[in-house]
Amino acid sequence: MYIVEIYKSVQGESSFAGLPCIFVRLAGCNLRCSWCDSEYTFTGGRKMSLEEVMAEVKRLAPVKLLEITGGEPMLQEREVVPLMESLLAYGYEVLIETSGERPLANVPKSVHKIVDVKCPASGEGGSFRMENLDALTKNDEVKFVIADRGDYEFARDFVREHGFESRVRDVLFSPAFRKDAGPERDARNCLLDPRELVEWILADGLNVRLGLQIHKFIWEPMLKGV
Ligand code: SF4
């Protein structure tokens, strides 16, 4: 499989935010989100065998929470499914971050899927594969990265239409970050003010979690490998 980086940091998103976490970042993505902060994953990557990845992961002990991310990791489904199975067998708690554009039926059930449903302002709205709704369980989380009011209304309506508040472990609404973020480690780098997003959530009575990508408040937002 083609790997961009393997490192340990703090989990910045999801209901696991704040916990030490190992990240295995795979190369390649078939989408081009307007606010993407991972364009360096689109090409290249180092070809590694499953055994090589496992050896590198084990060197980052004792962390046992691990996220597989990208790019879009499910583009390498043939390699990444056996990797998830090996990690589970070694006792890791495994998350996979995916857009949900590729089929998710073969992801092992005990892996937490964090599915980033693309909103219209990303330029990739409509990319979520609707059959993947059947693959979502109480073990999984659905995330919406929100750049403006139109994105918020799309996310709100999608959550209600598919009953996500009771169907999955967590629903995350995250303000999008600017691609030209400055070095400030604060909300000025968000495309949408988190306060405005929270006010909309409360006004509509949504039972969703605000996600703030806390690594972008701990380190400078453009820093890679953290
Ligand atoms: S799916 Fe993720 S990696 Fe791919 S373009 Fe969108 S934000 Fe970037």
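A few points on the structure. The numbers attached to residues start from 1 for each chain and follow its sequence in the written order. Reporting of local features is limited, given that this is a predicted model, to residues whose pLDDT is at least 70; pairs of side-chain atoms are given and counted only at 80 or more, and all residues count toward the totals for whole chains, interfaces and linings.

### Details of the overall build of the protein chain
The test is simple: Going along the chain from the N terminus, every DSSP run of H or I of four or more residues is numbered as a helix, and every run of E of two or more is numbered as a strand. To get the radius of gyration, use the C-alpha atoms; to get the globule rule, take the number of residues to the power 0.38 and multiply by 2.2 Å. In this scheme the burial state of a residue depends on its C-beta neighbours within 10 Å: 20 or more other such atoms mean buried, 12 or fewer mean exposed, and anything in between means partly exposed; the C-beta positions come from the backbone. Here, residues touch in the contact sense if the C-beta positions derived from the backbone fall within 7 Å of one another.
For the protein chain, the helix and strand inventory stands at six helices and nine strands. Against the compact-globule benchmark of 17 Å for 226 residues, the protein chain has a radius of gyration of 17 Å, which places it among compact chains. Its C-alpha atoms give the protein chain principal-axis dimensions of about 50 × 40 × 30 Å. For the protein chain, the proportion of its 226 residues judged to be buried stands at 38%. Relative to all contacts within the protein chain whose residues are 6 or more apart in sequence, the contacts with residues 24 or more apart total 71%.

### Some thoughts on the nonpolar core
This is how it is decided: In this description, a nonpolar core means buried residues of the types Ala, Val, Leu, Ile, Met, Phe, Trp, Tyr and Cys, linked to one another by C-beta atoms lying within 7 Å.
Grouped together as the largest cluster of nonpolar side chains are 48 residues, with contacts concentrated most on V24, L26, M84, V94, I96 and I146. Of all the elements, strand β2 (residues 20-26) adds the most residues to this core, at five residues. With sequence-adjacent residues up to four places away left out, M84 is seen in contact with I68, V94, I96, V107, P108 and V111.

### Things to note about the pairing of strand β1 (residues 2-10)
Walk down a regular strand and you will see the side chains alternate between the two sheet faces. Applicable threshold: Think of it this way: DSSP has to see at least two bridges between two strands before they count as a pair.
As judged from the two bridges shared by β1 and strand β3 (residues 46-47), these two strands associate in the antiparallel manner. Of the residues in β3, the one forming a bridge with Y2 is K47. In terms of strand pairing, β1 meets β2 through seven bridges, oriented antiparallel. Pairing of I6 across the sheet is with V24, part of β2.

### Some words on the sheet that holds strand β4 (residues 65-69)
The cut-off we apply is this: Helix axes are fitted to C-alpha atoms over the stretch in contact, other axes to C-alpha atoms as well, and angles between N-to-C directions run from 0 to 180 degrees.
What the nine strands build is an open sheet, ordered β3-β1-β2-β4-β5-β6-β7-β8-β9; its pairing is mixed. Sheet topology places β3 and β9 (209-210) at the edges, where each strand pairs with a single neighbour. Against the sheet, helix α1 (residues 50-58) engages β1, β2 and β4, with an angle of about 15 degrees to β1. Contacts between helix α3 (residues 149-161) and the sheet are confined to β7 (141-146) and β8 (170-175), with β7 contributing the most and set at about 160 degrees to the helix.

### Quick word on the packing of α1 against helix α2 (residues 77-89)
Under the convention used in this document: If an angle is under 35 degrees, it is roughly parallel; if it is over 145, roughly antiparallel; if it lies from 65 to 115, roughly perpendicular; otherwise it is oblique. The handedness criterion is simple: a crossing whose near helix is rotated anticlockwise from the far helix by less than a right angle is left-handed, and one whose near helix is rotated clockwise is right-handed. Under the grouping applied here, Gly and all other residues not named as nonpolar or charged are polar, the nonpolar ones being Ala, Val, Leu, Ile, Met, Phe, Trp, Tyr, Cys and Pro and the charged ones Asp, Glu, Lys and Arg.
Two elements in contact, α1 and α2, have axes whose closest approach is 10 Å; the angle formed by their N-to-C orientations is 40 degrees. As far as their axial angle goes, α2 and α1 are oblique. For the element pair α1 and α2, the recorded crossing hand is right-handed. Facing α1, whose interface residues are L50, V53 and M54, α2 presents P82, L83 and S86. Considering only residue class, the contact of α1 with α2 consists of five nonpolar, one polar and no charged.

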